[in-house]
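# Coordinates in review
The lines below spell out each chain.
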Amino acid sequence: MISKIKISNIASYDETGIELNSLDKFNFIYGNNGCGKSTFSKVLEYPTNFQDSEVMSGDSVHKTLVYNKNFIKQHFNASHEIPGIFTLGKEAVTTQDEIKKREDRVNHLNEKLPIQKEQLEREGEGLRNLNLRFIERTWELKKKYDDVFSDVLTGARGSKSGFNQVLISKIENIDNSNIEDLQTLIGRSQTLFKQKHELKPPFTFPNLAFIGELQSDLLQERIIGKQDLDISNLIRDLNLDDWVLEGTNHLHSTNNKCPFCQQDLPTFITSQLEEYFDKTYYSKLELLKKIKSNSANAWQMLMKYLRELDLNYEGIIDQGRLSFIIELTQKQFQDFEQSIEKKIGEPSLVLLPLNYDDYLLELKSFLDTQVIRINDYNKMIENIRVEKELLTNKVWNFLALEIKAEYDTYLEQRRKLERIVESRTKSVDKAIESIRQVQKEIMELKASIVGVDESVNNINKQLIVFGFTNFHLATTPEKGVYKIFRPNGEIADETLSEGEKTFITFLYYYNLVFGSSSAEEGNIYKILVIDDPISSLDSKVLFIVSTLIQNLIFESNKNNSHIKQIFLLTHNTYFFKEVTNRIENDCTFHILTKRDNKTFINSYEKNPIKNSYQLLWEELNMSLENSVSVCQNIMRRILENYFSFTGNISLSSLATNFNGDDLLIYKSLIAWLHDGSHSTLEDLFVAVDSEGKHIYFNVFKTVFIESGHEAHFDMMVNTTFSNENKYIFEQPVAAESITVLH
């Protein structure tokens, strides 16, 4: 069924237009001529032709069958041929039984199909949710490493689904030979994507030859004076070399006095002491001091070299090992310095040799490793693009390995759901194909028995029943068309009156509802739109057409009916009342109006057309924005209906209550109520401008007052006129607003 109608930017429907929601099975729309009913029916017939309008319906396949002026033009044109209505022949009982079986089969399949689709949708939703959860999980992994790998993962970080797809492809192609630990990957990422890419200077090894000098035999030698002097035995036996040397060094500052007893020393003792500590002794002492000085410089140079490594090769050198090597070097230097200081202070001491083998092994191993790192770095810089790609693959490989176990679980669940969805899809496709195949069989069976003769016989019978005996329909040699003939065999369509043409057109439409316009179409669901079917009919046919429409409503309420919804539009209050009589359920009521050349619509919970007399007052209320002539006609009809038909009061006798211009106005109101009145007033014309229109309303009100029916007038105004429109009976009349022409 149609559930929503929106019409705008066409004819008298402005950009705001109208909108109807919550439509029901039966929808009745009243509106005067020219208020937009024809446009309304056109939009329902061809909704896609009007881009600013919308007709929303449910999922069921249906055909909107519209009766309007366009329908009459299409089916009763100058070719004299009317498209035939295809219906099932009564004699094809066996075939109809087969059709019924297949239709039941289609209905059964159609009943099961929504359940199958619902199952498919449920499983499909489960699969979609599973995929979405894994997409979210991979996105969480991306966010976990975003800070350290943001540059590496550029291009896949902007989309959750995009990142997920790339990661899945990496998981499915994990390279177990391309595994790097996280810290290595972070370091290379910093180097490749964060640092400046400059070649580092070639690595040079420090001079470590001085370490060999640190192991001089002089350190293990007992340095003493000459041994062939008389004093030598004493010094040697008492092991006083270092003590005597210290005392000898003081002789020069004490004028040969003993530094211990302050007595003058004999000359031979001074001579023997100077000869004991000869040039050889002092040269060895100088050599020790030289070793100390040179070694200290060498150690300092080595320390400087090590500290500058980090500056020259920032981000490349293993900082942890470098710190260890620096600490180890400092300790080696301190140990040597203490040892050489002690030896120089006590030359006769014999020191144990210092072992630098482990230190040198550690130092050389560290330096060799750094050479490899620096060379790798320079190679990387020389081929930066390739290195970035290699690193990117390693990072993806790292991420793939981290989430591999979760992916395996997800993949198992996904494959299981995919098999279920595939099975459900096949079931739905099979059901749809079965429906299509059975429908094809139904069409083939119908095509073997349907024809246009049954419908033409029904229409002709209905014409006779309704009293139309001077024309009838007949089939022609050309298959599938009708023509209208007079009883004498002449083609009658050009001589039909407007009433006859309109009636037979509607009768044709009525039978088309129960048939189809082609043998292949079949009896599909229909939505009926009937626009002013009695515009040119007399009261007898008005009753007939209303009866036919009521029968359509009755048929649509049957369980197996193909009529799913009905829209009726009319300007005739009697017809509206006849059709809607006793219809209370499954219906909506609406009134179309036109103000300032714009169409509006009002909807009502109950039937707003109580009776035609009350509607005339409502029309008068709604016509204030229209021309004076429209208001005049409505007031004439109210006066005629109330005084002549209801009250049996002579309107002519009321003329004595008016004088001057009011009398002319009154005569113009009642002139058309009398046969032949045009001849008496054909030379009289009353012109009223838009500001003086209310004079007619004052005269109209006065008729009720002077006839003693003021209470009735007040009741009708209060019940039908809006508060803002009641002013029309209260404004004074300007004399210049009225011009009487003879």
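Residues numbered from 1 in each chain as written. Predicted model: local features only at pLDDT ≥ 70, side-chain atom pairs only at ≥ 80, totals over all residues. Heavy atoms only, no water.

## Focus: the overall build of the protein chain
Note the following rule: Under the scheme used here, helices are H or I runs from DSSP no shorter than 4 residues and strands are E runs no shorter than 2 residues, and both carry numbers assigned from the N terminus. Only protein chains enter the accessibility calculation, which uses a 1.4 Å probe. A residue is then buried if its area is under 20% of the maximum for its type, exposed if over 50%, and partly exposed in between. Should any heavy atoms of two residues lie within 4.5 Å, those residues are considered in contact. Shrake-Rupley sampling with a 1.4 Å probe provides the accessible areas, and residues are treated as covered by the protein chains on show and by no other component.
The helix and strand inventory of the protein chain stands at 24 helices and 16 strands. Sorting the 742 residues of the protein chain into buried and exposed places 44% on the buried side. Partitioning the intrachain contacts of the protein chain with sequence separation of at least 6 by distance along the chain shows that 75% fall at a separation of at least 24. Here the protein chain displays about 40300 Å² of accessible surface, and carbon together with sulfur accounts for 49% of that area.

## Examining helix 12 (residues 319-345)
For the record, the criterion: Expected helix span is given by 1.5 Å per residue-to-residue step, counting one fewer step than there are residues. In the analysis that follows, any N or O atom pair within 3.5 Å is treated as a polar contact, provided that within protein one partner can donate a hydrogen and the other can accept it, and provided that, for residues neighboring in sequence, both atoms belong to side chains.
Along its 27 residues, helix 12 runs 39 Å from first to last C-alpha, staying within 8% of the 39 Å computed at 1.5 Å per residue. Leu322, Ile325, Ile326, Thr329, Gln332, Phe333, Phe336, Ser339, Ile340, Lys343 and Ile344 are the residues of helix 12 that are buried. Structurally, the start of helix 12 carries an N-cap: the backbone nitrogen of Gly320 is 3.3 Å from a side-chain oxygen of Asp318.

## Description of the pattern of salt bridges
Stated precisely, the cut-off is as follows: For this document, the term salt bridge refers to a Lys or Arg side-chain nitrogen within 4 Å of an Asp or Glu carboxyl oxygen.
One pass over the structure, following the stated rule, counts 24 salt bridges. Among the salt bridges present, the one from Glu121 reaches Arg128, with a minimum N-O distance of 2.7 Å. Classification of Glu121 by relative accessible area gives partly exposed; the value is 46%. Between Glu433 and Arg436 there is a salt bridge, and its shortest N-O distance comes to 2.6 Å. Here the residue Glu433 and the residue Arg436 both occupy positions in helix 14 (residues 384-449), the gap between them amounting to three residues, near one helical turn. Of the residues examined, Glu433 reaches a relative accessible area of 38% and is grouped as partly exposed. Taken together, the salt bridges that share partners define one network made up of Glu98, Lys101, Arg102 and Glu441.

## Comments concerning the packing of helix 12 against helix 13 (residues 357-382)
Rules: The convention used is that axes are lines fitted to C-alpha atoms, helices contributing only their stretch in contact, and that angles between N-to-C directions extend from 0 to 180 degrees. Orientation is classified from the angle alone, with under 35 degrees giving roughly parallel, over 145 giving roughly antiparallel, 65 to 115 giving roughly perpendicular, and any other angle giving oblique. Two helices crossing with the near one rotated counterclockwise from the far one by less than a right angle form a left-handed crossing, whereas a clockwise rotation gives a right-handed crossing.
Contact pair helix 12 / helix 13: the axes reach a minimum separation of 11 Å and the direction vectors enclose 150°. It follows that helix 12 is roughly antiparallel to helix 13 by the angle criterion. Both helix 12 and helix 13 take part in a crossing whose hand is left-handed. Facing Arg321, Leu322, Phe324, Ile325, Leu328, Thr329 and Gln332 of helix 12, the residues of helix 13 in contact are Tyr359, Glu362, Leu363, Ser365, Phe366 and Thr369.

## Concerning the sheet that holds strand 2 (residues 18-21)
The criterion, for reference: One requirement defines pairing of two strands: DSSP has to find at least two bridges between them.
Taken in spatial order, the three strands make up an open sheet running 2-1-4, and their pairing is antiparallel. Only two strands of the sheet have a single neighbouring strand rather than two, namely strand 2 and strand 4 (54-57). Adjacent strand axes in the sheet meet at a mean angle of 5°, parallel and antiparallel pairs treated alike. Sheet analysis places strand 1 (residues 2-7) next to strand 2, joined by four bridges and oriented antiparallel. The residue bridging Ile7 from the neighbouring strand is Ile18, located in strand 2. Here helix 1 (residues 37-45) sits on the sheet and contacts strand 1, strand 2 and strand 4; the angle it forms with strand 1, its principal contact strand, is near 125°.

## What to know about the side chain of Asn460
Mapped onto the elements of the fold, Asn460 is located in helix 15 (residues 453-465). Contact partners of Asn460, with chain neighbours within four places excluded, come to His472 and Leu473.

## Quick word on the pairing of strand 1
When strand 1 meets strand 4, the two strands line up antiparallel, connected through four bridges. Each residue of the ladder has a partner; that of Ile2, found in strand 4, is Ser57.

## Remarks on unusual backbone geometry
Non-glycine residue Asp532 carries a positive phi angle of around 45°. Counting through the fold element by element, Asp532 comes out in the loop between strand 11 (525-531) and helix 17 (539-556). Residue Asp532 is classed as buried on the basis of its relative accessible area of 13%. Positive phi values are uncommon outside glycine, yet Asn597 reaches one of about 65°. Positionally, Asn597 belongs in the loop between strand 13 (587-595) and strand 14 (598-604).

## As for the packing of aromatic side chains
This is how it is decided: Planes of paired rings set the category: under 30 degrees apart is stacked, over 60 is edge-to-face and the rest tilted, where pairs are Phe, Tyr or Trp rings (Trp by its six-membered ring) whose centres lie within 6.5 Å.
Counted according to the given criterion, the structure contains 24 aromatic pairs. Note on Trp139 and Phe163: the rings are 6.1 Å apart at their centroids and 90° apart in plane angle, and the pair reads as edge-to-face. Taken together, the positions of Trp139 in helix 3 (residues 93-144) and Phe163 in helix 5 (residues 160-171) put the pair 24 residues apart, joining distant regions of the chain. Take Trp139 and Phe163: they sit in the same class, and that class is buried. Between Tyr145 and Phe398, the aromatic rings sit 5.6 Å apart at their centres with planes inclined by 80°, giving edge-to-face as the arrangement.

## Section: the environment of Ile601
When you line up the elements, Ile601 lands in strand 14. According to the relative accessible area criterion, Ile601 is buried, its value standing at 16%. Separated by 571 residues in the primary sequence, Ile601 and Tyr30 have C-alpha atoms spaced 9.6 Å apart. For Ile601, the contacting residues outside a window of four places in its chain are Ile18, Leu20, His590, Ile591 and Leu592.

## Structural notes on the side chain of Glu45
You can see Glu45 is positioned in helix 1. Beyond its immediate sequence surroundings of up to four residues, Glu45 is in contact with Val66, Asn68 and Asn70.

## Description of the sheet that holds strand 3 (residues 26-31)
Spatially, six strands are ordered 5-11-12-3-13-14 in an open sheet, and the strand pairing comes out mixed. Looking at which strands have only one partner, the edges of the open sheet turn out to be strand 5 (62-67) and strand 14. Strand-to-strand twist in this sheet, taken as the mean axis angle between neighbours without regard to direction, amounts to 15°. Where strand 3 and strand 12 (residues 563-570) come together, five bridges link them in parallel fashion. Counted as the bridge partner of Phe28 is Leu568 from strand 12. Relative to the sheet, helix 1 contacts strand 3, strand 5, strand 11, strand 12 and strand 13, its axis offset from that of strand 11 by approximately 165°.

## Some remarks on the nonpolar core
As a reminder, the rule being used: Take the buried residues of types Ala, Val, Leu, Ile, Met, Phe, Trp, Tyr and Cys, join any two whose side-chain atoms come within 4.5 Å, and each joined set is a nonpolar core.
Leu167, Leu302, Leu306, Leu309 and Leu399 are the most contacted members of the largest nonpolar core, which totals 77 residues. If one sorts the elements of this core by residue count, helix 14 sits on top with 17 residues. Every residue in contact with Leu399, bar those within four places of it in the chain, is listed here: Leu141, Tyr145, Leu153, Phe163 and Leu167. With 50 residues, the next largest nonpolar core counts Ala492, Ile504, Ile534 and Val545 among its residues.

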